[in-house]
Amino acid sequence: MFDYDRFEQLRSAKGITKKFIAQSLGRSSTICQDWKQRKSQPNPEQLRRVAEILGTTPAYLNGETEDPSPASAAEGELEELLTALREREDMRMLFSLARDASPEDVRQAVKIIEALRRND
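Rules of the game
- Residues numbered from 1 in each chain as written.
- Predicted model: local features only at pLDDT ≥ 70, side-chain atom pairs only at ≥ 80, totals over all residues.
- Heavy atoms only, no water.
- Salt bridge = Lys/Arg side-chain N within 4 Å of Asp/Glu carboxyl O.
- Helix = DSSP H or I, 4+ residues; strand = E, 2+ residues; numbered from the N terminus.
- Buried < 20%, exposed > 50% of the residue type's maximum accessible area, 1.4 Å probe, protein only.
- Phe/Tyr/Trp six-rings, centres within 6.5 Å; stacked < 30°, edge-to-face > 60°.
- Lys NZ or Arg CZ within 6 Å of the ring centre and 35° of its normal.
- pLDDT = per-residue confidence, 0-100.
- Arc of directions from axis to C-beta.
- Contact = heavy atoms within 4.5 Å.
- Polar contact = N/O pair within 3.5 Å; in protein donor to acceptor, adjacent residues only side chain to side chain.
- Patch = residues over 30% accessible without salt bridge, like charges linked within 9 Å, V, L, I, M, F, W, Y side chains within 5 Å.
- Areas by Shrake-Rupley, 256 points an atom, 1.4 Å probe, with all protein chains shown as cover.
- Core = buried A, V, L, I, M, F, W, Y, C linked by side-chain atoms within 4.5 Å.

Asks: Where do I start with the pattern of salt bridges in this structure?
Replies: Pairs can form between side chains of opposite charge whenever their charged atoms are close. Applying the stated rule across the entire model yields nine salt bridges. Here Arg11 ties to Glu8 by a salt bridge, and the two come within 2.5 Å at their closest N and O atoms. Taken together, the residues span about one helical turn, with Arg11 and Glu8 both in helix α1 (residues 4-13) at a distance of three residues. Here Arg11 falls in the buried class, since its relative accessible area comes to 12%. Overall, the relative accessible area of 21% leaves Glu8 in the partly exposed class. Each of the salt bridges in this network shares a partner with another, and the network as a whole consists of Glu45, Arg48, Arg49 and Glu52.

If you want it as structure tokens, here you go:
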């Protein structure tokens, strides 16, 4: 569950206004007050964006971890892959073909790609 106190502590420490947070989310300035009063919580996309603005993780803002550090290297790699899927048609095609593949099919495809790279 969203921990408003953690949000407020980070926001205040970084000098980021509630108005800026709300504007970044495309929402009215009352959204932070609604979170404080537990009338609502940030949806997953809002939570991701707020964590990004505050330099932390959604898990920290949800009280799931005590570590406010930004995303780990693995999470960074995942974000890079997601960006590639959004921006590259060839990656979307590859993912689309592999989505329903068995684990063995995927392992074989990886071996083929690795062999192709060695021949370059």
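Still more ground to cover, so stick around.
Asks: Whenever I open this one, the packing of aromatic side chains confuses me. Can you help?
Replies: In this description, an aromatic ring pair is defined by two values, namely the gap between the centres and the angle between the planes. Enumeration according to the criterion identifies four aromatic pairs in this entry. Residues Tyr4 and Phe7 carry aromatic rings whose centres are separated by 5.4 Å and whose planes lie at 50 degrees to one another, so their mutual orientation is tilted. Placement of both Tyr4 and Phe7 in helix α1 is noted, with a separation of three residues, approximately one turn of the helix. An aromatic cluster is defined as three or more aromatic residues linked by ring pairs; in this entry it consists of Phe2, Tyr4, Phe7 and Trp35. Above the face of the Tyr60 ring, Arg6 is positioned so that its terminal group lies 4.3 Å from the ring centre.

Asks: Looking at this structure, how should I read the confidence of the model for the protein?
Replies: Predicted coordinates in areas of low pLDDT are best not read in detail. Here the protein shows a mean pLDDT of 88. Residues at 70 or above account for 94%. Per-element averaging of pLDDT across the protein places helix α6 (residues 73-87) at the bottom with 72 and helix α3 (residues 31-36) at the top with 96.

Asks: What am I meant to see in helix α4 (residues 44-54) here?
Replies: For an α-helix, 3.6 residues make a turn, and residues three or four places apart therefore share a direction. Within α4, the full set of buried residues consists of Gln46, Leu47, Val50, Ala51, Ile53 and Leu54. Within α4, the buried residues cover an arc of 160 degrees as seen down the axis, which keeps them to one side. Buried-residue contacts for α4 involve α1, α2 (18-25), α3 and α5 (58-61). The residue sitting at the N-terminus of α4 and contributing the capping side-chain oxygen is Asn43; that oxygen lies 3.0 Å from the backbone nitrogen of Glu45. Just downstream of α4 lies Gly55, where phi reads positive at about 70 degrees.

Asks: In this structure, what is going on with a nonpolar patch on the surface? I would like to understand it.
Replies: On the surface, Leu78, Leu81 and Leu82 cluster together to form a nonpolar patch covering roughly 250 Å² of accessible area. With respect to the element layout, Leu81 can be found in helix α6.

Asks: Mind showing me how you'd approach the nonpolar core here?
Replies: The tendency in soluble globular proteins is for nonpolar side chains to be buried side by side. Among the nonpolar cores identified, the biggest contains 18 residues, and Phe2, Phe7, Ile21, Trp35, Val50, Leu54 and Leu61 are the most heavily contacted of them. Looking at this core, the elements that each hand over two or more residues are α1, α2, α3, α4 and α5. No other element matches the five residues that α4 contributes to this core.

Asks: How do you make sense of α2 when you look at a structure like this?
Replies: Taken together, the buried positions of α2 are occupied by Ile21, Ala22 and Leu25. Along the axis of α2, the buried positions cluster into a sector of 95 degrees, meaning they face one direction only. Residues of α2 that are exposed and point more than 90 degrees away from the buried face comprise Lys19 and Gln23. The elements touched by buried residues of α2 are α1, α3 and α4. Note on α2: the residue one or two positions beyond its end, Gly26, has a positive phi of about 70 degrees.

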